[in-house]
Amino acid sequence: MNVEVRLFATLREGRGKKVYFQLKAGLTPRIIIKELNIQEEDIAILLINGRDGDFDRPLMEGDYLSIFPPVGGG
Amino acid sequence: MFGYKGKVLRVNLKDRTYKVEDLNLHMAKKYIGGRGLGTKMFMDEVDPKVDALSPENKLLVVTGPLTGSPTPTGGRYMVVTKSPLTGTIASSNSGGFWGAQLKFAGYDVIVVEEKADKPVYISIVDGVVEIRDASHIWGKVVSETTDVLEKECGEKSKVMTIGPAGEKLSRLAAIMNDKDRAAGRSGVGAVMGSKNLKAIVVKGSSKVEVKDPDGLKKVFSESLKKIRENGVTGQGLPTYGTAVLVNIINENGVLPTNNFQKSYDDKAEAISGETLAEKYLVKKEACYRCPIACGRYCKVDDIEGGGPEYETIWAYGSDCGVSNLGNIIKANYWCNEMGLDTISAGVTVATAMELYEKGYIRDEEIDGTPLKFGNDEAVIEWTKKMGLREGFGDKLAEGSYRLAEMYGVPELSMSVKKQEIPAYDPRGIQGHGLQYATSNRGGCHVRGYLISPEILGLPEKLDRFKLDGKATWAKAFQDLTAAIDSLGLCLFTSFALGAGDYASLINAVCGTDHTADSIFEAGERIWNIEKLFNLESGVAPSEDKLPKRLLEEPIPEGPSKGWVHKLSDLLPEYYELRGWSKEGIPTDERLEKLGISEDMAKA
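Since the structure is predicted, the reported quantities are computational estimates derived from the model, not experimental observations.

Caption draft 1: Quick look at the overall build of chain B. For chain B, the count of helices and strands is 25 helices and 17 strands. Taken against the 2.2 N^0.38 rule, which gives 25 Å for 603 residues, the C-alpha radius of gyration of chain B at 22 Å falls within 12% of a compact globule. Considering only C-alpha atoms, chain B reaches an extent of 60 × 55 × 45 Å along its principal axes. A buried classification covers 67% of the 603 residues belonging to chain B. Sequence-distant contacts, at least 24 apart, represent 69% of the contacts inside chain B between residues at least 6 apart. Carbon and sulfur atoms make up 48% of the accessible area of chain B, which amounts to about 19500 Å² in all. Measuring between centres, the 76 positive side-chain charges of chain B sit 2 Å from its 86 negative side-chain charges.

Caption draft 2: The overall build of chain A, seen in detail. Counting secondary structure elements, chain A contains one helix and five strands. When the backbone C-alpha atoms are referred to their principal axes, chain A occupies close to 35 × 25 × 20 Å. Summarising the internal contacts of chain A: among those between residues at least 6 apart in sequence, 47% fall at separations of at least 24. Carbon and sulfur atoms make up 47% of the accessible area of chain A, which amounts to about 3700 Å² in all. Side-chain charges of chain A comprise 10 positive and 11 negative groups, with the mean position of each set lying 5 Å from the other.

Caption draft 3: Representation of helix α4 (residues 142-153) of chain B. Residue and element names in this part refer to chain B. Here α4 contains 12 residues, and its C-alpha end-to-end distance of 16 Å stays within 8% of the 16 Å for a straight helix at 1.5 Å per residue. Where α4 is concerned, the buried positions are V142, T145, T146, L149 and C153. Summarising the axial view, the buried residues of α4 lie within an arc of 100°, below the 170-degree limit, and thus occupy one face. Against the buried residues of α4 lie β7 (120-125), β8 (128-133), β9 (158-161), β10 (175-177), β12 (197-203) and α12 (325-338). Trailing α4 by a residue or two, G154 shows a phi angle of about 100°, which is positive.

Caption draft 4: Structural view of the sheet that holds strand β4 (residues 77-82) of chain B. Residue and element names in this part refer to chain B. Sheet architecture is open: six strands sit in the order β2-β1-β6-β3-β4-β5, paired in mixed fashion. Two strands in the sheet have a free side with no partner beyond their single neighbour: β2 (17-22) and β5 (89-94). Across the sheet, the axes of successive neighbouring strands diverge by a mean angle of 15°, strand direction being ignored. Relative to strand β6 (residues 109-113), strand β1 (residues 7-12) is paired through five bridges, and the arrangement is parallel. Bridging from a neighbouring strand, R10 pairs with V111 of β6.

Caption draft 5: Spotlight on the interface of chain B and chain A. Tallying the contact residues gives 34 residues for chain B and 21 residues for chain A. Between chain B and chain A, a total of about 2100 Å² is buried, with carbon and sulfur atoms accounting for 54% of that surface. Two residues, A:K17 and B:E269, come together in a salt bridge whose shortest N-O distance is 3.6 Å. Inspection of the region where chain B meets chain A yields nine residue pairs in polar contact (both at pLDDT 80 or more). For the side of chain B that touches chain A, the leading source of residues is helix α8 (residues 231-240) of chain B, giving six residues. Here the side of chain B that touches chain A is composed, by residue class, of 18 nonpolar, nine polar and seven charged.

Caption draft 6: Structural detail: the side chain of B:N93. All names here are of chain B. The topology assignment puts N93 in strand β5. Residue classification places N93 among the buried positions, given a relative accessible area of 18%. Setting aside chain neighbours within four positions, we find N93 in contact with R76, Y77, M78, A182, A183 and D485.

Caption draft 7: Examining the packing of aromatic side chains more closely. Residue and element names in this part refer to chain B. A complete count under the given rule lists 16 aromatic pairs over all chains for this structure. Ring centres of Y310 and Y424 lie 5.6 Å apart, and the angle between their planes is 45°; this geometry places the pair in the tilted category. Taken together, the residues Y310 in helix α11 (residues 310-316) and Y424 in the loop between β17 (419-420) and α17 (430-438) connect sequence positions 114 residues apart. Overall, Y310 belongs to the buried group, its relative accessible area being 0%. Ring centres 5.9 Å apart and planes at 85° place the aromatic pair W382 and F392 in the edge-to-face group. Here W382 is found in helix α14 (residues 378-388), whereas its partner F392 is found in the loop between α14 and α15 (393-396), with 10 residues between them in sequence. Looking at W382, the relative accessible area reads 0%, which means it is buried.

Caption draft 8: Up close: the domain arrangement of chain B. Residues and elements named next belong to chain B. Domains assigned within chain B are domain 1 (7-203), domain 2 (242-420) and domain 3 (429-495 + 515-601). Counting from both sides, the interface comprises 35 residues of domain 1 and, opposite them, 32 residues of domain 3. At the boundary of domain 1 with domain 3, total buried surface from both sides reaches about 2800 Å², with 58% on carbon and sulfur atoms. Here E530 ties to R35 by a salt bridge, and the two come within 2.7 Å at their closest N and O atoms. Along the contact surface separating domain 1 from domain 3 lie 19 residue pairs in polar contact (both at pLDDT 80 or more).

Thresholds applied
Residues numbered from 1 in each chain as written. Chains lettered and ligands numbered in written order. Predicted model: local features only at pLDDT ≥ 70, side-chain atom pairs only at ≥ 80, totals over all residues. Heavy atoms only, no water. Helix = DSSP H or I, 4+ residues; strand = E, 2+ residues; numbered from the N terminus. Rg over C-alpha atoms; globule rule 2.2 N^0.38 Å. Buried < 20%, exposed > 50% of the residue type's maximum accessible area, 1.4 Å probe, protein only. Contact = heavy atoms within 4.5 Å. Areas by Shrake-Rupley, 256 points an atom, 1.4 Å probe, with all protein chains shown as cover. Lys, Arg positive; Asp, Glu negative; His and termini not counted. Charge placed at Lys NZ, Arg CZ, Asp CG, Glu CD. Expected span 1.5 Å × (residues − 1). Arc of directions from axis to C-beta. Pairing = 2+ DSSP bridges. Axes fitted to C-alpha atoms, helices over the stretch in contact; angles between N-to-C directions. Buried area = accessible area lost by both parts, 1.4 Å probe. Salt bridge = Lys/Arg side-chain N within 4 Å of Asp/Glu carboxyl O. Polar contact = N/O pair within 3.5 Å; in protein donor to acceptor, adjacent residues only side chain to side chain. Nonpolar A, V, L, I, M, F, W, Y, C, P; charged D, E, K, R; others polar. Phe/Tyr/Trp six-rings, centres within 6.5 Å; stacked < 30°, edge-to-face > 60°. Domains from an automatic or database assignment.

In structure tokens, the structure reads:
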């Protein structure tokens, strides 16, 4: 079972739109972010299943992550 | 004279005369400029019950004290009038280069009165005013009109014009400048059309004088640094434009789809800012003195031009069930050429699609492409017909509320005070929904952009489903926004700057003594006079509401599934914070405190 990680805007550069991680015990967004070589300070918004996420919440089957750098508009 | 030019140009189109008056500097200090001063002047001169499309309505074009100054993004102007779409006060704002050029031509404000007997345009060159025949450009699209007038009025002249939509009094008509920048909302283009005024051309060489050049240099550098170092204004917006929002709004499950019947679009990636940059972007565009450069210039097939913005991509994309970004760009192009507000126009097409699919609009009524969700040819064809009021396009030109009302189901219009709601489903963003409902000019996202804290985490992240504190945030954002709109700056600066920064900028330019608190207070003053105008014009406080769908139909799927908007829980606290009665009417006590009562007594 994989966890889908969706990347957006500049975070896609050199990484692609989607990356999959194998789900294992203790897998958290923080671990994934490190594996992707993304600096935590470059992340403005982290969503787990479309809701505000926690960097240290262990991920579960069916979860997907959406990671954004600072974005805005109107 | 610092910041302001101190001059009001008053043009009477009926007898083709004009006069120059001194700007009331006392009122300018109190209501700043742009939206605030424009509303105050309008209220002093025009009966709130005026028919918006009658000669008695006036059209005010108002710059801010920082318009034309070296301040970052200092190029904006505001059109203030009574809206033919909502019946409320309308103040529609635009960037580009026209606003700064009006200051260089010597004026802070233009007041347009009465109606010309034949099409005319106004030329203002270094203080010299002419009212000229416009029969040769009447009926022409925006880019052609601009090209003709730039040639006629000379190098460096800047053109503000209406397209066919404004001439034909569409309630969705925008005023365009620099070809693709729009004072888009509330049908202000129709007011210009109703006066037989096709365009205003400006050109000038005078500068905006600055009180404290050294001080400005310092606060200018500080502001610029903040804007450049901010992730949104320094990176996100310059790289992808406003369309960068498509994905994040969709990932939160609040991207309204098929006229707000859903709030998640599984094809959003195809219309995202990232896809736009990859497939269609030709270049970035910046307004006067703008370090952000969020503007896009795109090309598809034989069509090229400014935009599209996030709002346009959503209105013609997800809201119409369309995922062909190329055709959305074409629809945007035709909105610009016709002079249509892309939000209201796109949402009106989406409303027509729901009416058609539910059997209210019958095949025999529409002489063209079926109005089905997902029909990416329909969005182009019906935009052109809407602009020209051709066939069924005549009904579309009235806007979504009046269209749905014609079929007995006004509740299918996703609008507030008859103005179409923009691209964020308030059921999943409670504070932003409160802002929509209470917006003085009807459904609007730029009167208090609570997407910032509730979705983007700026200046801090709020839980978008919670109600606690949202009334306070809504009021603060609304008040600050009113002040920024009045200064002549772009709202996007507020991603990086705070009230204290704005106070420092206006103080350096004008020699005023503003503080962060007085900036908020000026904003609150402006918000209150707008409300007073609406009440006097007959817009009841009960119009502070959301469409029934958003209050009663839970979001059916996606990350915000199951939510409705809880407006009735939020409104009482909001009214209390505003110091208004439980019914939503400003109290004498609050008007006194804000110094509004004394102005009303003098008027």
